[in-house]
Amino acid sequence: MSISDPQGESLSQRELRNESGRVLRAVSEGHSFVLTNRGTPVGRIVPLDAPAPTLPIARPARRVGGWAALSPERSEADRPMTQIIDELREDRV
């Protein structure tokens, strides 16, 4: 394993598979790892008590419009289904 960045040691998928016991012991001691797949970082293994990374918020989210802003427009052709069915059955009575 090599140290690739200050956030933790680099750990390949193969090393995790073959040395999982050692990795879990190291994590329980407070070490963190950056998990890689073919050299590409794909995840991070950190202890449970590690502080969550803070994400800077560039701007707060705003909801504009959406489904709540839409209202159906009723026309006179809109009738209850029971009325339509009764009209269709009138010729049978």
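Quantities reported herein were computed from a predicted structural model and do not represent experimental measurements. (Residues numbered from 1 in each chain as written. Predicted model: local features only at pLDDT ≥ 70, side-chain atom pairs only at ≥ 80, totals over all residues. Heavy atoms only, no water.)

Engineer: Describe the overall build of the protein, and please don't skip the residues or the numbers.
Structural biologist: Check the secondary structure of the protein and you find three helices and four strands. Traced from its N-terminal end to its C-terminal end, the protein shows the element sequence β-β-α-α-β-β-α. Taken over 93 residues, the protein has a buried fraction of 13%. If you take every contact in the protein between residues at least 6 apart in sequence, the share linking residues at least 24 apart comes to 27%. (Helix = DSSP H or I, 4+ residues; strand = E, 2+ residues; numbered from the N terminus. Buried < 20%, exposed > 50% of the residue type's maximum accessible area, 1.4 Å probe, protein only. Contact = heavy atoms within 4.5 Å.)

Engineer: Please provide a residue-by-residue account of the pattern of salt bridges, values included.
Structural biologist: Taken as a whole and assessed by the stated rule, the structure comprises one salt bridge. Salt-bridge contacts for R22 lead to E19; the nearest nitrogen and oxygen are separated by 2.5 Å. On the basis of relative accessibility, which here comes to 31%, the residue R22 falls in the partly exposed class. (Salt bridge = Lys/Arg side-chain N within 4 Å of Asp/Glu carboxyl O.)

Engineer: So, the nonpolar core: which residues are in play, and what are the values?
Structural biologist: Among the nonpolar cores identified, the biggest contains five residues, and these are L11, V23, A26, V27 and F33. Looking at this core element by element, the count peaks at three residues for helix 2 (residues 20–28). (Core = buried A, V, L, I, M, F, W, Y, C linked by side-chain atoms within 4.5 Å.)

Engineer: Could you give me a rundown of the pairing of strand 4 (residues 40–45), with the residues and numbers involved?
Structural biologist: A regular strand carries its side chains on alternate faces of the sheet. In this sheet, strand 4 lies alongside strand 3 (residues 33–37) in antiparallel orientation, the contact comprising five bridges. The residue of strand 4 that forms the bridge with T36 is P41. In this antiparallel pair of consecutive strands, strand 3 and strand 4, the connection spans two residues, and R38 shows a positive phi of 55°. (Pairing = 2+ DSSP bridges.)

Engineer: So, the pairing of strand 3: which residues are in play, and what are the values?
Structural biologist: Burial analysis of strand 3 places four of its five residues in the buried class, the great majority of the element. Relative to strand 3, strand 2 (residues 8–12) runs parallel, the two being bridged by four bridges. When the bridges of strand 3 are listed, L11 appears paired with L35.

Engineer: Residues and numbers for helix 2, please.
Structural biologist: Looking only at helix 2, the buried set comprises V23, A26 and V27. Down the axis of helix 2, the smallest arc covering the buried residues is 100°, so these residues share one side. In helix 2, the exposed positions angled more than 90 degrees off the buried face are occupied by L24, R25 and S28. Tucked inside the fold, the buried residues of helix 2 contact strand 2, helix 1 (13–18), strand 3 and strand 4. G30, located one to two residues past helix 2, shows a positive phi value of around 110°. (Arc of directions from axis to C-beta.)

So far we have only geometry, and geometry alone does not tell us how the molecule works.
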